Amino acid sequence: MHKVSLVTLGCPKNTVDSERMFRMLELNGYALSDIPEEADLIIVNTCGFIQPAKEESISAALEAADYKRTGRCKGLIVTGCLAERYTEDLKKELFEADLIFGLAAEKDIVRHCDRLLGVERAGIVLDDKSRHLLTPKPWGYLRISDGCDRKCAFCAIPAIKGPSKSESIEHLVAEAVRMVAGGVKEIALVAQDTMRYGADIYNKIRLTDLIRELIRIEGLKWLRLLYTYPSGWRDDLIDLLSTEEKLCAYVDMPIQHASDPILKAMNRGTTRSAIGRLIRKLRTRVPNLTIRSSVIVGFPGEEEHHFQELIDFVDEAHFSRLAGFLYSHEEGTTAGMKIDTVSESEKRERLDRLMSHQAMIS
């Protein structure tokens, strides 16, 4: 029996892709291994969101390639968002990889592995529904949509994954039922923008409808919301969050900045005062609420007084958790065409100040 090791980088949405590939391989006789030196084939599911993620993905691919010399590995596959974004460039430069393909080709992962390992079979068992969960047994991710309709100036996701594509409520409920039957107690809803769920297939946002269907599942104890866009919050969702015991009093809400000129330049479609009002409203309605957010430091045009506004807002918002990222130019984005006005050293200095400040709050 051939062994496959799969390295997953990036966000939970990538994890879901890896889980589906794993399941397809299992159904077709492949054994899964967490030990790459014991694997006959290594798959690297890459991230291509920002420069550090690209560098990590390339490093992971090169590290995996070493096992073709030192282990039993006979082939290296590179897929995921980086491969989707730079397929032709990688084929020219990453010669260590035996096969490089984008997201759409992941559904044919068994055929790709068979070809590299010389496996012949009468037919491939297909299953586009189940997954081999990679998260610890009590919890798992439910990807409710993929892609994004937003046009944030710094973000390449719409160029990589295209517009938002929601799964139907029926499909998601059935998937959640299978997860719970397999031992999952907590499900985290993930998407590039959960707040837009359903708009593309139902012509209206139906996130609360989906949540109401999911909380009816017997055996499911908790639901958790990730990637909520500040301007997407509606009263019906706040009402549900404040009354439904299964819906965790936890909000993941990236704000990215808190200075109006920078928010406008980022094309975030909101303002500092609007974000502040939302946070106060959420905390009033859900007193025990935990809020996690993320921000970008060093966006083109960010001056010291803009950064100080961000610091002041962090004081005001009192986030339970905060992630900070250095801005990096990404080709294909609006911001990528701007002049990078903040030096790398200044970006790092500002990020250090911000995170030291947040550490005192946390």
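Above this text sits the structure in question.
Residues numbered from 1 in each chain as written. Predicted model: local features only at pLDDT ≥ 70, side-chain atom pairs only at ≥ 80, totals over all residues. Heavy atoms only, no water.

Engineer: How would you summarise the overall build of the protein chain if you had to cite specific residues and measurements?
Structural biologist: Looking only at helices and strands, the protein chain has 14 helices and 13 strands in total. Whereas a compact globule of 362 residues would reach a radius of gyration of roughly 21 Å, the protein chain reaches 22 Å, a difference of no more than 12%. The C-alpha extent of the protein chain, read off along each of the three principal axes, is 60 × 50 × 40 Å. Among the 362 residues that make up the protein chain, the fraction classed as buried is 53%. (Helix = DSSP H or I, 4+ residues; strand = E, 2+ residues; numbered from the N terminus. Rg over C-alpha atoms; globule rule 2.2 N^0.38 Å. Buried < 20%, exposed > 50% of the residue type's maximum accessible area, 1.4 Å probe, protein only.)

Engineer: If you had to explain the pairing of strand β9 (residues 186–190) to someone new, which residues and values would you point to?
Structural biologist: Side-chain positions along a regular strand alternate between the two faces of the sheet. The buried fraction of β9 is high, at five of five residues. With burial as the criterion, each face of β9 is covered, one bearing Glu186, Ala188 and Val190 and the other bearing Ile187 and Leu189. As judged from the five bridges shared by strand β6 (residues 139–143) and β9, these two strands associate in the parallel manner. When the bridges of β9 are listed, Tyr141 appears paired with Ala188. Direction of pairing for β9 relative to strand β10 (residues 222–225): parallel, over a ladder of four bridges. Within β10, the residue paired with Ile187 across the bridge is Leu223. (Pairing = 2+ DSSP bridges.)

Engineer: Describe the pairing of strand β12 (residues 290–297), and please don't skip the residues or the numbers.
Structural biologist: Taking burial as the measure, the eight residues of β12 include six buried ones, the bulk of the element. Relative to β12, strand β11 (residues 247–252) runs parallel, the two being bridged by three bridges. When the bridges of β12 are listed, Tyr250 appears paired with Thr290. Summarising the sheet, β12 and strand β13 (residues 321–326) pair through six bridges and their orientation is parallel.

Engineer: Residues and numbers for the environment of Glu170, please.
Structural biologist: Among the secondary structure elements, Glu170 is positioned in helix α7 (residues 169–181). Here Glu170 falls in the exposed class, since its relative accessible area comes to 57%. For the pair formed by Glu170 and Leu214, sequence separation is 44 residues and the distance between their alpha carbons is 10.0 Å.

Engineer: Requested: an account of the packing of aromatic side chains, with residues and values cited.
Structural biologist: Enumeration over the complete set of coordinates arrives at three aromatic pairs. Residues Trp139 and Tyr141 carry aromatic rings whose centres are separated by 5.2 Å and whose planes lie at 85° to one another, so their mutual orientation is edge-to-face. For Trp139, a relative accessible area of 30% corresponds to the partly exposed category. Exposure remark for Tyr141: the relative accessible area of 14% places this residue in the buried category. Taken together, a centroid distance of 5.2 Å and an interplanar angle of 70° make the contact between Phe299 and Tyr327 edge-to-face. Of this pair, Phe299 sits in the loop between β12 and α13 (304–317) while Tyr327 sits in the loop between β13 and α14 (344–361), placing them 28 residues apart in sequence. When sorted by exposure, Phe299 lands in the same class as Tyr327, which is buried. Its end group placed over the ring of Tyr227, Lys13 keeps NZ or CZ at 4.3 Å from the ring centre. Note that Arg206 overlies the ring of Tyr202, its terminal NZ or CZ placed 4.6 Å from the centroid. (Phe/Tyr/Trp six-rings, centres within 6.5 Å; stacked < 30°, edge-to-face > 60°. Lys NZ or Arg CZ within 6 Å of the ring centre and 35° of its normal.)

Engineer: Lay out the environment of Leu82 with the relevant residues and their values.
Structural biologist: Within the element layout of this structure, Leu82 appears in helix α3 (residues 81–85). Residues Leu82 and Asp260, spaced 178 residues apart in sequence, show a C-alpha to C-alpha distance of 32 Å. The residues touching Leu82, leaving out its near neighbours within four places in the chain, are Thr46, Cys47, Gly48, Lys54, Ser57, Ile58 and Leu90. (Contact = heavy atoms within 4.5 Å.)

Engineer: I'd like to hear about the nonpolar core, residue by residue, with values.
Structural biologist: The biggest cluster of nonpolar side chains holds 68 residues, and the ones touching the most others in it are Leu189, Ile211 and Trp233. For Ile211, the residues in contact, after removing those within four places along its chain, are Leu189, Leu223, Leu225, Leu237, Leu240 and Leu247. Listed in part, the 19 residues of the second largest apolar core include Ala39, Val44, Leu94 and Ile100. (Core = buried A, V, L, I, M, F, W, Y, C linked by side-chain atoms within 4.5 Å.)

Engineer: Before we move on, can you summarise unusual backbone geometry with the specific residues and values?
Structural biologist: Of note in this structure, Asn203 is not a glycine but carries a positive phi near 65°. Secondary-structure assignment places Asn203 in the loop between α8 (199–202) and α9 (207–214). Positioned with a positive phi, Asn267 is a non-glycine residue whose angle comes to about 60°. Within the secondary structure layout, Asn267 lies in the loop between α11 (260–265) and α12 (272–285). Judged by its relative accessible area of 43%, Asn267 falls in the partly exposed class.

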